[in-house]
Amino acid sequence: MRKPLLAAALATAALAGPARATSDKALVYDGAGQGKVVFDGRLHASKGLVCKDCHVDLFGTRKKALISVDDHVAGKACFACHDGHAAPGACVDCHRDPSLDRARSVSRMLRLKGAASVVDSLVKPARAAVEKATGVSLVIDKSNAGKGLVDLIEGRCEAAMASASLEATLEAARQAGLTRAVPDLRMHVIGTSEVVFVVHPSNPVKALSWEQLRDIHTGKIASWKAFGGRDEPIHVYTDAAASATRGLVKQVVLANAEYASSAKAVDFVKKVNEEVARDPAGVGALGKEFADPAMVRIVETRKVERPLALVTVGEPSPMLRQVVEAYRAEAQKQP
């Protein structure tokens, strides 16, 4: 559900006018039914802000621009500052229509952040069904499990999406910059998925044991010739250091041994598929849902199963528990 929350971006004649053109004005936007949004120029000016602080980097046009629910967690437009830390981020801080049932509007929204694998294989496909079943609006921010857990611990979402054990996800969060003390984290498994290893279709190596995969990923064996392949160096591609997929492979397949320094980390897990598809000497691990059989070949090996889960601090709220159960029901419908 992507209902616009602001009818217009804060783009006005301020672009062409004096630096403090709106410092004495309050601009009102209709808020698309979520309560009128008031941009208080005087309040912003009192904080030392001038028009050029937002125009044109955040608002590059004078025309109206719709802002969706998902923009709230993407760091765009108003939310580059209004993230709940640099500036207030609660709904009622901007949506000020007295006739709006504010408590209901705020209380029926949940923010989920984290693993792309969970988003693409479960959360996004079942989103409409879950929202209909629970009456909860879901704001979904796809990144990786480590960043999602950092966002949860720092209060920027109600649940983090994870695609590995809690231990592997915590390690990914530390890679993503987590420095705070770890609170009481609870993992709520919704479904399961599989991590697979892929090679270029031209690679003659069809099967690898976990021990052989460990030797490849740690750099102990550096040529495909050792496994009956061509006499050429092996190129390892991995998901980002803050991803749970990488952490799970390290924990389960590599027995917590470190990846070789030559392993090439990509920005998003789907890029592992793309890099291996371009590289006849490449190999990489990724969620099975991201492996495109038209571009790469899956290596035969022992199954690497992983959870698709939501993580909360302490017990989930009744509303979040409803969402978890609704997603579990949807996951059971999948083949």
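Residues numbered from 1 in each chain as written. Predicted model: local features only at pLDDT ≥ 70, side-chain atom pairs only at ≥ 80, totals over all residues. Heavy atoms only, no water.

## Some thoughts on the overall build of the chain
1) Next: Looking only at helices and strands, the chain features 11 helices and 13 strands.
2) Next: Across the 335 residues of the chain, 48% fall into the buried class. (Helix = DSSP H or I, 4+ residues; strand = E, 2+ residues; numbered from the N terminus. Buried < 20%, exposed > 50% of the residue type's maximum accessible area, 1.4 Å probe, protein only.)

## Let's talk about helix 10 (residues 270-278)
In an α-helix there are 3.6 residues to a turn, and that puts residues three or four apart on one side.
1) Next: Those residues of helix 10 not exposed but buried are Val272, Asn273 and Val276. Looking straight down helix 10, one finds that the buried residues subtend no more than 100° of arc, so they occupy a single side.
2) Next: Turning to helix 10, the residues buried within the fold contact strand 8 (185-199), strand 9 (235-238) and strand 11 (282-287). (Arc of directions from axis to C-beta. Contact = heavy atoms within 4.5 Å.)

## Brief notes about unusual backbone geometry
1) Next: The backbone of Ala255 sits at a positive phi, close to 55°, despite the residue not being glycine.
2) Next: Following the sequence through the fold, Ala255 ends up in the loop between helix 9 (244-252) and strand 10 (264-265).
3) Next: We note that Asn256 has phi near 70°; this positive angle belongs to a residue other than glycine.
4) Next: Along the polypeptide, Asn256 turns up in the loop between helix 9 and strand 10.

## Quick word on the packing of aromatic side chains
1) Next: Per the counting criterion, the structure on display carries 1 aromatic pair.
2) Next: Measuring from centroid to centroid gives 6.4 Å for Trp224 and Phe227, while their planes differ by 70°, and the two rings are edge-to-face. Comparing Trp224 with Phe227 shows no difference in burial state: the two are buried.
3) Next: The side chain of Arg302 reaches across the aromatic face of Trp210, ending 3.6 Å from its centre. (Phe/Tyr/Trp six-rings, centres within 6.5 Å; stacked < 30°, edge-to-face > 60°. Lys NZ or Arg CZ within 6 Å of the ring centre and 35° of its normal.)

## Considering the packing of helix 6 (residues 145-153) against helix 7 (residues 166-175)
1) Next: Two elements in contact, helix 6 and helix 7, have axes separated by 7 Å at closest approach and are oriented at 80°. As the angle between them shows, helix 6 and helix 7 are arranged roughly perpendicular. Mapping the contact onto sequence places Ala145, Gly146, Leu149 and Val150 in helix 6 and Thr169, Leu170, Ala172 and Ala173 in helix 7.
2) Next: Of the residues assigned to the contact of helix 6 with helix 7, the class counts are 6 nonpolar, 2 polar and no charged. (Axes fitted to C-alpha atoms, helices over the stretch in contact; angles between N-to-C directions. Parallel < 35°, antiparallel > 145°, perpendicular 65-115°, else oblique. Nonpolar A, V, L, I, M, F, W, Y, C, P; charged D, E, K, R; others polar.)

## Notes on the pattern of salt bridges
1) Next: Scanning all chains against the criterion turns up 18 salt bridges.
2) Next: A salt bridge links Glu154 to Arg156, with the nearest nitrogen and oxygen atoms 2.7 Å apart.
3) Next: Look at Arg156 and you get buried, because its relative accessible area is 19%.
4) Next: Glu325 is the partner of Arg328 in a salt bridge, and the nearest nitrogen-oxygen pair spans 2.7 Å. Residue Arg328 and its partner Glu325 are both found in helix 11 (residues 318-333); the two are separated by 3 residues, about one turn of the helix.
5) Next: Classification of Arg328 as partly exposed rests on a relative accessible area of 25%. (Salt bridge = Lys/Arg side-chain N within 4 Å of Asp/Glu carboxyl O.)

## A look at the environment of Arg306
1) Next: Locating Arg306 in the fold gives a position in strand 13 (residues 304-313).
2) Next: The spacing of Arg306 and Ser163 is 143 residues in sequence and 6.2 Å in space, taken between C-alpha atoms.
3) Next: Setting aside residues up to four positions removed in sequence, Arg306 forms contacts with Ser117, Ser163, Gly191, Thr192, Ser193, Glu194, Val195, Thr245, Leu248, Gly287 and Glu289.
4) Next: A polar atom in the side chain of Arg306 sits 3.1 Å from the side chain of Ser117.
5) Next: Looking at Arg306, its side chain comes within polar contact range of the side chain of Glu289, at 3.0 Å. (Polar contact = N/O pair within 3.5 Å; in protein donor to acceptor, adjacent residues only side chain to side chain.)

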